[in-house]
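Fold and geometry: a report
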Amino acid sequence: MKNNKPVFTAVGIVFFIAPLLLLLLQSLSAPWRFQSGYGVDWKLESFRQLIRDPYLWEATWWSILIGFLVLVLNAVVGILTGKALSSYSFKGKPWVEALLLSPILIPVLAIAMGLHLFMIRLGLADTMMGVVIIHLVPTIPYSIKIFHNSYQQMGKALMEQPHILGAGFFTQLFTVELPLLRPALRSVTFLTIVISLSQYAITAIIGGGQVLTLPMVFFPFLENANASLMSAFSLWFAFVPVVMYILVEVILLLLPYSRVPWRNHR
Amino acid sequence: MSSITLEIKQITKQFHSDLVLNGLSFQLQKGEIMSVVGPSGSGKTTLLRVLAGLEKPTNGTIYMNGRDVTKQKANRRDISLVFQQPLLFPHMSVEENVAYGAKVSKKYTQEKVDTLLEAIGMTKYRSHFPSEISGGQQQRTALARAMATEPEVILFDEPFSSLDPSLRQGLRYWVRNFLVEQETTAIFVTHDMEEAMIMGDQIAVFQEGKFQQIGAAKVLHESPANMKVASFMGGHLILNDQEYVPLQAIELSSSPFKEDTQTFEGTVEHITYQHGRPIAHIEIKESGAKVPLPLTNDEQLQNEVFLSIPVSSIQRFRGTIDE
C-alpha cells in the first residue's frame, strides 16, 4: 500500500497548523509590516482587551449551553430517524429522505421572519429554547444523513443480532449501536457545534438580543481594525468547539466496550 | 417420554401477493434436530425469521413448551438464531462477544463463558477482536454466543455456506455433536442435501411454501412423497409425476433388448469422479432428463448407451408428507 503519511503531514502543516500558528503569533504581537524597520513587538494586550469585554463570558457560556443542547437534540433525532430510514422500506421513502434534507436547500434567513412570527405565537421568541430550535434547522439534515449512512454501513442483520440474543432497545443502543456509531457521533459533534456557533443572523432575530452568543459579541469586533484583537477573538472562538469536542470524546469513552487504556488487551 | 419444545400450527406468511409460507405445521421434541432443505428463494429463511420473532406471521400459532409465543418479540423468545454470516460485534473481543448473549439474557457466569470458549477451541484467542480471527473461528464464536443464552431452540440459517469445503465439513460434525451433547432443539436450514443429512435427525423438504415431506434420510430416499422430493434428493430417475426408479436399479448396456425392462436411449455427456467412483452423466434422449449414474471402475462406455430399467423396480410416489 502506498504510504501517504508524508503527504498528509505536509497538507496538515500547510493548511491547518501554519494558519493556526500565524493566528497565535498575530494575537500575541502588535501589527508588524515587512521592512518597517521594527522587530516584532510581543504583548498580551489583545487578550487583556478581549477578557475585559463585559459580554465575553456570558456569551461563551450561552454558546456552550446552546451548542450542547443542539448537539443532544441532533443526536437523538438523527439516531432515531437514521435508524428508521435504514431499517424500514416503504412507499415514497426517497421523497421522505429528500424532504428531510430540504432545510439545507433553503437559506434559513429566507424563512427566519416567518419562523420569528411562529416563535412569537408559541412564546419561544427571545428565549434560549427558541434559539436552540432555530439552530436545529441548519444542523438536523446533516445529522440525519450521517446517522442514516452509518446505520446502513452497519447493516440490518447486525442490528437484529443483539435483539435475537435478548437485548432490549436501550441495552442494544448503548452496548452495540452507540459504540459502533462513534465516528458518526464525532462528525455530528463538530458539525453541529461549529454550525450552531456560527449562526449570527437567525440567533439575533429569534433571540432578539436577549440571548447573547459568541457571534453577537464577535461580529461588532469586525469593524475593529486591530488585527491582534481579531486574532485573539478568533482563537477564543475556535477554542470553544475544541473544548466541547474533547468533552464529548470523554463522554464517549464511558460507553460500554470502549477501547480505553484500562481495558484488558493482549 | 420426551416433551414437545416447539410446535407450529398452520403458519402462513404473505408478502403482498406472494404466499411464502403456506399453512406450515410441525413439532419438535426436546433435543431433536430438524434439517430444512429447499431451493434458494423458497422461503426457508423467512420460516426461521418468523420462528425467531423477526417477522410476524400472517396467520397461525407458534407454541414453545405449550405456551403461545406468536406475538412475543424476538428478544423475549427463548430462541436463538445463527445467521449465514457470523455477525460478531466488531468492537468486542471474542470473550466479550460470547459473554454478551449470556449477560443480556441474564444467564452470565464466567465459568460458562470459559467452558464455551474451551469447547470451541478459542481460549487462546479470547482477547482477539473479530477482525483478527479466521472465518471458521468467527462462525464458532457466533455459535458459542448463541449457546451462551441457553436457548430452548437454536435456528441455523445456512451458517457454513460462506466457509471453504474442508472447514465446512469439520464444523458440521462439531456443531452436530455440540447440539446433541447439550440436548438442544434445533432447526438447521440448508440447500445442501448432504449437510441436511449430517445435521438433522429428520429432514424436511421445503418448497413452494410448504413441507413436501418430513422424515429420516432413509425414508426420503427410499420412498419420496412426490416428484419435488425425488428431484431434490437426487438418486432417482423420475419417469412421470406418478412413477420413479432408484438409480441403482438402472443398468447400462449397449443393446436395447432385454425382457421385462423399460429401455431408454441416452448420451454420455461427462464422466466425473465422486468419492473415488466414476459417475456417468447421461442425457436421456426421450425426455431430455439428465441422470448421474455410478459406474464400476472397469466399465467401458460407448457414447450412445441404453438404460435398462427392470419393470419390477419402478415405484410410485407415496404422496403423504409424514413418515
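Residues numbered from 1 in each chain as written. Chains lettered and ligands numbered in written order. Predicted model: local features only at pLDDT ≥ 70, side-chain atom pairs only at ≥ 80, totals over all residues.

What follows covers the overall build of chain B. Within chain B, the regular secondary structure consists of eight helices and 18 strands. By the burial criterion, 39% of the 323 residues in chain B qualify as buried. (Helix = DSSP H or I, 4+ residues; strand = E, 2+ residues; numbered from the N terminus. Buried ≥ 20, exposed ≤ 12 C-beta atoms within 10 Å, placed from the backbone.)

Once that is clear, we can look at the overall build of chain A. Scanning chain A from terminus to terminus reveals 12 helices and zero strands. Its helices and strands taken in sequence order, chain A reads α-α-α-α-α-α-α-α-α-α-α-α from the N to the C terminus. For chain A, the C-alpha atoms occupy an extent of roughly 75 × 60 × 35 Å along the three principal directions. Considering only residue pairs separated by 6 or more positions, chain A has 79% of its internal contacts joining residues 24 or more positions apart. (Contact = placed C-beta atoms within 7 Å.)

Across the boundary between the two partners, chain B contributes 20 residues, which contact 19 residues of chain A. Mapped onto the side of chain B that touches chain A, the elements with two or more residues apiece are β6 (79-82) and α2 (94-104) of chain B. Among the elements that line the side of chain B that touches chain A, the one with the most residues is α2 of chain B, at four residues. Taken together, the residues of the side of chain B that touches chain A break down into 10 nonpolar, eight polar and two charged. (Nonpolar A, V, L, I, M, F, W, Y, C, P; charged D, E, K, R; others polar.)

Whenever strands of a sheet pair, they do so through backbone hydrogen bonds, lying parallel or antiparallel. All names here are of chain B. Strand order in the open sheet formed by four strands is β2-β1-β4-β5, and the pairing between neighbours is antiparallel. Among the strands making up the open sheet, the edge pair consists of β2 (18-29) and β5 (67-68). Where strand β1 (residues 4-15) and strand β4 (residues 59-64) come together, five bridges link them in antiparallel fashion. Bridge pairing in β4 links E7 to Y63. The strands touched by helix α1 (residues 44-52) within the sheet are β1, β2 and β4, with β2 carrying the most contacts at an inclination of about 60 degrees. (Pairing = 2+ DSSP bridges. Axes fitted to C-alpha atoms, helices over the stretch in contact; angles between N-to-C directions.)

All names here are of chain A. Helix length check: helix α1 (residues 5-27), at 23 residues, gives a terminal C-alpha distance of 31 Å against a target of 33 Å (1.5 Å per residue), a fit within 8%. Roughly 40 degrees is the biggest bend found in α1, and it falls at I13. In terms of residue burial, α1 counts as a barely covered element, since only two of its 23 residues are buried. (Expected span 1.5 Å × (residues − 1). Bend = angle between axes of the 7 residues up to and from the residue.)

Residue and element names in this part refer to chain B. Overall, antiparallel pairing links the three strands, which are arranged β11-β12-β18 in an open sheet. Among the strands making up the open sheet, the edge pair consists of β11 (236-238) and β18 (315-316). Two strands pair when backbone bridges link them, and strand β12 (residues 243-246) and β18 are joined in this way by two bridges, in the antiparallel orientation. Its bridge partner lying in β18, E243 is registered against R316.

On to the packing of α1 of chain A against helix α12 (residues 227-253) of chain A. Residue and element names in this part refer to chain A. Where α1 contacts α12, the two axes come as close as 7 Å, and the packing angle between them is 130 degrees. Considering their axes alone, α1 and α12 lie oblique with respect to each other. Considering how the two elements wind past one another, α1 and α12 form a crossing that is left-handed. Facing L23, L24, Q26 and S27 of α1, the residues of α12 in contact are A227, S228, S231, A232, S234 and L235. (Parallel < 35°, antiparallel > 145°, perpendicular 65-115°, else oblique. Left-handed = near helix turned anticlockwise from the far one by under 90°.)

Next up on the list: the domain arrangement of chain B. According to the domain assignment, chain B consists of domain 1 (4-221) and domain 2 (238-316). Summarising the inter-unit geometry, the C-alpha centres of domain 1 of chain B and domain 2 of chain B are found 39 Å apart. (Domains from an automatic or database assignment.)

All names here are of chain B. Despite not being glycine, K106 has its phi angle at roughly 55 degrees, a positive value. Positive phi is not limited to glycine here, since H275 has a value of about 50 degrees. Position of H275 relative to the elements: it lies in the loop between β14 (261-274) and β15 (277-284).

All right, on to the nonpolar core then. When a protein is soluble and globular, its nonpolar side chains tend to lie buried together. Core analysis: the biggest nonpolar cluster contains 84 residues, and L155 and V205 of chain B have the highest contact counts within it. A domain-level breakdown of this core finds at least three residues from each of domain 1 (4-221) and domain 2 (238-316) of chain B. Not counting chain neighbours up to four residues away, the residues in contact with V205 of chain B comprise V37, G38, F211, Q212, Q213, L220, K228, V229 and F232 of chain B. Formed by 34 residues, the second largest nonpolar core is a distinct cluster that contains I79, L115, L214 and V217 of chain A. (Core = buried A, V, L, I, M, F, W, Y, C linked by C-beta atoms within 7 Å.)

Let us look at the environment of T171 of chain A. Residue and element names in this part refer to chain A. Summarising the element assignment, T171 is placed in helix α8 (residues 169-180). Judged by the 18 C-beta atoms lying within 10 Å of it, T171 is partly exposed. Along the backbone, T171 and Y142 are 29 residues apart, and their C-alpha atoms lie at a distance of 26 Å.

Time to look at the pairing of β4 of chain B. Residue and element names in this part refer to chain B. Across two bridges, β4 lies against β5 in antiparallel orientation. The partner of Y63 across the bridge, within β5, is D68. Following β4, the chain reverses through two residues before pairing antiparallel with β5; N65 in that reversal takes a positive phi of roughly 50 degrees.

The next point concerns the confidence of the model for chain B. Averaged over every residue, the pLDDT of chain B is 87; the share at 70 or more is 97%. Under the prediction, the complex receives an ipTM of 0.81, its pTM being 0.82. (pLDDT = per-residue confidence, 0-100.)

Right, let's get into the packing of α2 of chain B against helix α4 (residues 135-148) of chain B. All names here are of chain B. At a closest axis distance of 6 Å, the pairing of α2 and α4 adopts a crossing angle of 30 degrees. In this view, α2 runs roughly parallel relative to α4, as classed from their interaxial angle. As α2 packs across α4, the resulting crossing turns out to be right-handed. Contact residues: α2 offers V94, N97, V98, A99, Y100, G101 and A102, while α4 offers T141, A144, R145, A146 and A148.

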